[in-house]
Amino acid sequence: MIMLPSAEMASLVRLVREPIDVAALAGASTADGAVCLFVGVVRNENQGRAVLRLEYEAYEEMALPLMEEIAAETGRLYPVTDVRLVHRLGRLEIGEASVAVAVSSPHRAEAFAACRFAIDTLKARVPIWKK
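(A) Inspection of the state of the cysteines at higher detail. Taken as a whole, this structure holds zero disulfides when the rule is applied. No disulfide involves Cys36; its sulfur sits 3.9 Å from the nearest other cysteine sulfur, which is in Cys115. You can call Cys36 buried: its relative accessible area is 11%. Residue Cys115 is classed as buried on the basis of its relative accessible area of 4%.

This is the structure we're talking about:
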């Protein structure tokens, strides 16, 4: 496994209040053979109960630095060239994207692993709540 120096890894981290442009997240360099994209969407039920919509809020001053840290950690742990983390805030309707993670890497196995690590870590560490 070849690890890229952290200076060579790019990242983009955002909290947004408008719809996430998923297509714009899937960037790749000429060194990449894989882009793994995870998109979380609002579903119509949770634990057997109907969901009409969700509202997301965050402690933004803490959330953004933690998201930056997760992007950097992903780059240290996996041979990736790019990590992009975007989470939407505000009122979202059923079917709308609430979070997106895109990871570019020379190889697909590492892209999948890094993408899973990034979304799982974001969900566990970042102060973003839904109601």
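(B) Spotlight on the layout of surface pockets. The calculated volume of the largest pocket comes to roughly 360 Å³. Around the largest pocket sit 18 residues that line it, and Arg43, Asn46, Val51, Leu54 and Lys130 are the ones nearest its centre. Put simply, the parts of the chain that give the lining of the largest pocket at least two residues each are β2 (34-41), β3 (45-46), β4 (49-50), β5 (53-58), β8 (97-105) and α3 (108-125). The dominant element in the lining of the largest pocket, judged by the number of residues it contributes, is β2, at three residues. Within the lining of the largest pocket, the residues separate by chemical class into nine nonpolar, four polar and five charged.

(C) View of the sheet that holds β5. Pairing within the open sheet is antiparallel, and its three strands lie in the order β7-β5-β9. Looking at strand neighbours, the two that pair on one side only are β7 (90-93) and β9 (128-130), the edges of this open sheet. Mean inter-strand twist for the sheet, computed between neighbouring axes without regard to direction, equals 25°. Strand direction decides the pairing type here: β5 and β9, joined by three bridges, are antiparallel. Residue pairing in the sheet places Glu57 in a bridge with Trp129 of β9.

(D) Structural detail: unusual backbone geometry. The backbone of Gln47 shows a phi angle near 50°, a positive value even though the residue is not glycine. Within the secondary structure, Gln47 is located in the loop between β3 and β4.

(E) Molecular detail of the side chain of Arg88. For Arg88, the location among the structural elements is in strand β6 (residues 82-88). On the accessibility criterion, Arg88 (7% relative accessible area) is buried. Within the structure, Arg88 has its side chain in polar contact with the backbone oxygen of Glu18 (distance 3.4 Å). If we skip the residues at most four places from it in the chain, Arg88 touches Val16, Arg17, Glu18, Pro19, Ile20, Tyr56, Glu96, Ala97 and Ser98.

(F) Seen up close, helix α2 (residues 60-77). The first and last C-alpha atoms of α2 sit 25 Å apart over 18 residues, in line with the 26 Å expected at 1.5 Å per residue. Considered for burial, the residues of α2 that qualify are Ala63, Leu66, Met67, Ile70, Ala71, Glu73, Thr74 and Gly75. Buried positions along α2 lie against β1 (10-16), β5, β6 and α3.

(G) Region of the structure containing the sheet that holds β8. Spatially, the four strands line up as an open sheet ordered β1-β6-β8-β2, and their pairing is mixed. Of all the strands in the sheet, the pair left with one neighbour each is β1 and β2. Direction aside, the axes of adjacent strands within the sheet are offset by 5° on average. Examined bridge by bridge, β1 and β6 share seven bridges and lie parallel to one another. Paired with Leu12 across the bridge in β6 is Arg84. Along the sheet, α2 contacts β1 and β6; its crossing angle with β1, the most-contacted strand, is approximately 155°. Where α3 meets the sheet, its contacts fall on β2, β6 and β8, and the angle it forms with β8 comes to roughly 145°.

How each quantity is defined
- Counting from 1, residues in each chain are numbered in the order their sequence is written.
- In view of the model being predicted, local features appear only for residues whose pLDDT reaches at least 70, and side-chain atom pairs are presented and counted only at 80 or more, with totals across whole chains, interfaces and linings using the full set of residues.
- No hydrogens and no water enter the side-chain calculation; it runs on all heavy atoms of the structure.
- When two cysteine sulfur atoms lie within 2.5 Å, the pair is treated as a disulfide.
- Exposed residues in this analysis have more than 50% of their type's maximum accessible area, buried residues have under 20%, and partly exposed residues fall in between, with area computed by a 1.4 Å probe over protein chains only.
- The rule is simple: put a 1 Å grid over the protein atoms alone, call a set of points where a 1.4 Å probe fits but cannot get out a cavity, call an open set with protein on both sides within 12 Å along at least five of seven lines a pocket, and count a residue as lining if it has an atom within 4 Å of a point.
- Grid points are joined across faces, edges and corners, and a volume is the space filled by probe spheres set on the points.
- By the criteria applied, helices consist of DSSP H or I runs no shorter than four residues and strands consist of E runs no shorter than two, each listed in order from the N terminus.
- As a working rule, the residues Ala, Val, Leu, Ile, Met, Phe, Trp, Tyr, Cys and Pro are called nonpolar, Asp, Glu, Lys and Arg charged, and the rest polar, with Gly in that last group.
- Strands are labelled as partners when DSSP assigns at least two bridges between them.
- Only the stretch in contact is used when fitting a helix axis, every axis being a line fitted to C-alpha atoms; angles between N-to-C directions are given from 0 to 180 degrees.
- The definition of a polar contact used here is a pair of N or O atoms within 3.5 Å, where within protein one atom must be able to donate a hydrogen and the other to accept one, and adjacent residues in sequence count solely through side-chain atom pairs.
- In what follows, residue pairs with any heavy atoms lying within 4.5 Å of each other are defined as contacts.
- Take the number of residues in a helix, subtract one, and multiply by 1.5 Å to get its expected span.

Without other data, these values stay purely geometric and don't point to any function.
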